[in-house]
There are 2 protein chains.
Amino acid sequence: MAEVTAPAPAPGDRRARRRQETIEEILAIADDVMTEEGVNGLSVSEVARRLGVKPPSIYKYFDSLLAIYDALFERGQRTHLEIMRTAMARAEPGLDALAAGLAASGRWLLAHPATGQLLFWRPVPSFQPTSEAMAPSVEMVRLQRQALADAAAAGQLGAGADSDEALWVTSVLVSGVIGQAMANEPGLPWGEGRFSPLLPKLLGTLAALYPPKPSRRRS
Amino acid sequence: MAEVTAPAPAPGDRRARRRQETIEEILAIADDVMTEEGVNGLSVSEVARRLGVKPPSIYKYFDSLLAIYDALFERGQRTHLEIMRTAMARAEPGLDALAAGLAASGRWLLAHPATGQLLFWRPVPSFQPTSEAMAPSVEMVRLQRQALADAAAAGQLGAGADSDEALWVTSVLVSGVIGQAMANEPGLPWGEGRFSPLLPKLLGTLAALYPPKPSRRRS
DNA sequence: TCCAAAAGCTAGTGGGTGTAGCCATTGCTG
DNA sequence: CAGCAATGGCTACACCCACTAGCTTTTGGA
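Model, not experiment: these values are computed from the prediction.

Next up on the list: the nonpolar core. Membership of the largest hydrophobic core comes to 126 residues, with the highest contact counts inside it found for L42(A), I68(A), L202(A), L42(B) and L202(B). When sequence neighbours within four positions are dropped, the list of residues in contact with I68(A) reads I26(A), L27(A), A30(A), L42(A), I58(A) and F62(A).

This is the structure we're talking about:
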């Protein structure tokens with residue numbers, strides 16, 4: 001658990017609410033600091049300074065600097081998953097859902113570079129996310145695997161697309177595009193620059209790698 | 001310049017040789033430290049400890065911690081370029097050279113993860129490589145661009161492959177594969193694991209994206 | 001042999017994480 | 001409503017880090 005063990009979250013407890021608000025505030029400040037100074041520029045002292053408090057007070061809310069990273073990671077992971085899930089749900093199952101989900105993911109990651117780096121670049125080697133903080137990523141993998149299976153079932157891709165290998169290929173394409181965009185064109189939103197527009201084209205190569213049976217296909 | 005300004009490198013100067021040896025030793029230790037503690041775990045104090053010296057003495061050889069990073073970056077960049085260049089030169093110009101160069105690059109990067117991360121992940125946000133330290137990377141881009149042009153000229157790929165876009169696609173594929181391998185399967189050498197064996201297959205999709213004219217082609 | 005440059009050192013500044021322990025405030029509870 | 005325990009601030013401190021100032025010793029070249 002990232003947060004210091006709280007007392008019983010009794011209903012109607014005003015103390016607990018205030019505490020929770022402070023925790024939110026700390027995390028929001030931490031996100032600001034990471035955005036401005038880089039993921040590694042986060043420090044308890046700086047957060048305390050911006051909160052108008054002395055550094056030791058922060059430790060009433062978080063056990064350590066790493067605990068703050070962990071909370072940021074866990075939240076980032078959760079909201080990123082949610083973004084992707086809803087984008088996929090809005091589209092036709094199969095390739096459409098995959099493309100929509102990945103585009104939404106990319107858009108969100110480029111808009112929240114600090115969190116994105118924390119989630120996928122591990123820029124703080126001493127920080128190892130908790131297994132529970134990693135849990136949403138398992139679900140994300142499941143969603144993408146399902147989309148590939150749907151695409152295969154719908155005849156958009158060959159049967160070989162319903163495989164772990166196809167999943168790995170997809171993750172390579174996506175992480176490549178997003179990584180290059182974040183590293184070389186920071187600040188540019190999704191859809192601009194040299195790299196993010198390549199994703200649809202690259203997803204198209206899935207059809208080259210796993211060609212569907214050339215029977216009649218839905219337009 | 002990373003190193004503190006040295007006296008005239010007069011020939012036969014024994015002092016200069018000793019100094020140079022110490023610089024080498026410091027950089028070797030720094031590489032060890034990064035490998036063990038993560039790129040960010042590098043510290044002047046730790047290097048001094050391992051060299052059997054007090055921290056301030058290090059500053060006789062390097063202006064700052066960042067100067068050490070810069071020297072490591074510059075060397076890494078140079079040897080990485082050399083690895084790639086010789087691998088490409090040994091192969092047939094065109095797709096073969098591209099594949100051979102990228103495979104050699106991947107092999108070297110996975111074998112030297114600390115340097116690899118320093119070169120391509122920027123895990124030390126406060127560290128911005130000197131423009132001269134970046135110079136080899138310009139040359140690397142040129143090599144890859146040339147290989148694509150050769151492939152197009154040889155009819156292995158369509159004319160569209162002789163383009164910046166194809167170069168970007170290539171960089172996405174490569175950085176995706178290497179990034180996933182380094183992040184998810186650290187310690188595994190090139191050719192093992194889930195990701196690095198995908199590179200040839202992915203390079204094959206270049207032919208799908210930039211199809212050659214279907215005239216007679218060299219076997 | 002001499003001496004200046006090289007290369008070590010100690011001491012100290014300022015900033016970071018994190019701990020110990022103190023004290024005022026506050027809001028729940030008898 | 002009175003009291004009290006938990007909360008959330010604080011100061012002081014220990015220990016680490018990067019880096020500077022300035023001193024001393026070593027050393028290699030003239």
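The subject of this paragraph is the relation of the copies chain B and chain A. Overlaying chain B with chain A gives an RMSD of 0.1 Å, the required rotation being 180° about an axis along which the chain moves by 0.1 Å. This pairing of chains is accounted for by a two-fold axis. Relative to the rotation axis, the C-alpha of G176(B) is the closest in chain B, positioned 1.8 Å from it. Here 96% of the interface residues in chain B have copies in chain A that are interface residues too; the copies meet face to matching face.

As a structural note, the neighbourhood of DNA strand D is formed by 21 residues, with R19(A), R15(B), V44(B), S45(B) and L65(B) the closest of them. Each atom of DNA strand D within 4 Å of the protein was classed as base or backbone; sugar and phosphate made up 75%. Between DNA strand D and K60(A), the relevant distance is 3.1 Å, taken from a base oxygen to a side-chain nitrogen or oxygen of the residue. A distance of 2.7 Å separates a phosphate oxygen of DNA strand D from a polar atom in the backbone of L65(B). Its residues assigned to classes, the surface near DNA strand D comprises 8 nonpolar, 4 polar and 9 charged.

Close contacts around DNA strand C come from 21 residues, with V44(A), S45(A), L65(A), R19(B) and S57(B) the closest. Counting only atoms of DNA strand C within 4 Å of the protein, the sugar-phosphate share comes to 75%. R14(A) places a polar main-chain atom, nitrogen or oxygen, 3.2 Å from a phosphate oxygen of DNA strand C. Taking R19(B), its side chain carries an N or O atom lying 2.6 Å from a phosphate oxygen of DNA strand C. Across the surface near DNA strand C, the residue classes break down as 8 nonpolar, 4 polar and 9 charged.

What follows concerns the environment of L143(A). Residues and elements named next belong to chain A. When you line up the elements, L143 lands in helix α7 (residues 131–153). The sequence separation of L143 and I26 amounts to 117 residues, and the corresponding C-alpha distance is 32 Å. If sequence neighbours within four positions are ignored, L143 has contacts with L81, R85 and M88.

Each value, and the rule that gives it
- Residues numbered from 1 in each chain as written.
- Chains lettered and ligands numbered in written order.
- Predicted model: local features only at pLDDT ≥ 70, side-chain atom pairs only at ≥ 80, totals over all residues.
- Heavy atoms only, no water.
- Core = buried A, V, L, I, M, F, W, Y, C linked by side-chain atoms within 4.5 Å.
- Buried < 20%, exposed > 50% of the residue type's maximum accessible area, 1.4 Å probe, protein only.
- Contact = heavy atoms within 4.5 Å.
- Least-squares fit on C-alpha atoms with pLDDT ≥ 70 in both.
- Near = heavy atom within 4 Å.
- Polar contact = N/O pair within 3.5 Å; in protein donor to acceptor, adjacent residues only side chain to side chain.
- Nonpolar A, V, L, I, M, F, W, Y, C, P; charged D, E, K, R; others polar.
- Helix = DSSP H or I, 4+ residues; strand = E, 2+ residues; numbered from the N terminus.

Scope: geometric values only; no functional claims are made or implied.
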